[in-house]
Each structure stands twice: as structure tokens, then as C-alpha cells.
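# A structural walkthrough
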Amino acid sequence: MENLLSRITFSREVLCGKPIIRGLRILVAMILELLAKRASIQEILEDYPELEIADIYAALLYAQRLVTHEEVFDRVVAS
């Protein structure tokens, strides 16, 4: 699993330090958005031929790790 996460890189010089795939100018957030909009993995790979299937799994694992460690506060529900 950690090997997958090594595909996620950060550089202040590239897209302001946001998480990207293997130094490419492809944001992890963009991959997640495409998946959320029901793009298939095959469609993403066709649209971005520099990506590999492991890059998509790395984006998903990265998001899962962020959500797993987020702090949850009591939420007040307005009536």
C-alpha cells in the first residue's frame, strides 16, 4: 500500500503544492472528481494516457487515508 502512496507527489512549483500524480500536472482531486462523476477507470486512462491504473488506485488510497484521519466534531443541526 505504501508503494502506491509513493505515486502521490507534492511540489510548490507544480500546482501550488497540491497532491499530484508522479510529478505530472494531474491533480489527485481531479481524478477523484472524475470518479465521483462516474467516469470509468478505462475512460480516465484513455483521456490521460500518461496515467497508469495504479495512479488511480493511489488517488483513492490517498483520499481514504485523509478521511480515516480526519477529526469529527459534534455537529449542531439547525431546526
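Residues numbered from 1 in each chain as written. Predicted model: local features only at pLDDT ≥ 70, side-chain atom pairs only at ≥ 80, totals over all residues. Heavy atoms only, no water.

To continue, consider unusual backbone geometry. Phi is positive for Cys 16, which is not a glycine, with a value near 60°. With respect to the helices and strands, the residue Cys 16 is situated in the loop between β1 (8-9) and β2 (20-21). Within the chain, Arg 22 stands out as a residue other than glycine whose phi angle is a positive 45°. Locating Arg 22 in the fold gives a position in the loop between β2 and α2 (28-36). Relative accessible area serves as the criterion here: at 33%, Arg 22 is assigned to the partly exposed category. (Helix = DSSP H or I, 4+ residues; strand = E, 2+ residues; numbered from the N terminus. Buried < 20%, exposed > 50% of the residue type's maximum accessible area, 1.4 Å probe, protein only.)

This part takes up a nonpolar patch on the surface. Judged by side-chain polarity, Ile 53, Tyr 57 and Leu 60 come together as a nonpolar surface patch covering roughly 270 Å² of accessible area. By the element assignment, Leu 60 lies in helix α4 (residues 53-68). (Patch = residues over 30% accessible without salt bridge, like charges linked within 9 Å, V, L, I, M, F, W, Y side chains within 5 Å. Areas by Shrake-Rupley, 256 points an atom, 1.4 Å probe, with all protein chains shown as cover. Salt bridge = Lys/Arg side-chain N within 4 Å of Asp/Glu carboxyl O.)

A separate point is the nonpolar core. One finds Ile 8, Ile 21, Val 28, Ile 31, Leu 51, Ile 56 and Tyr 62 to be the most contacted residues of the largest nonpolar core, which totals 14 residues. Elements that contribute at least two residues to this core include exactly α2, α3 (41-47) and α4. Ranked by residue count, the leading element in this core is α4, at 5 residues. The contacts of Ile 56, once residues within four sequence positions are left out, are Ile 31, Leu 35, Ile 41, Ile 44 and Leu 45. (Core = buried A, V, L, I, M, F, W, Y, C linked by side-chain atoms within 4.5 Å. Contact = heavy atoms within 4.5 Å.)

Glancing now at the environment of Met 30. With respect to the helices, strands and loops of the structure, Met 30 is situated in helix α2. On a C-alpha basis, the gap between Met 30 and Ile 20 in space is 9.2 Å, while along the polypeptide they are 10 residues apart.

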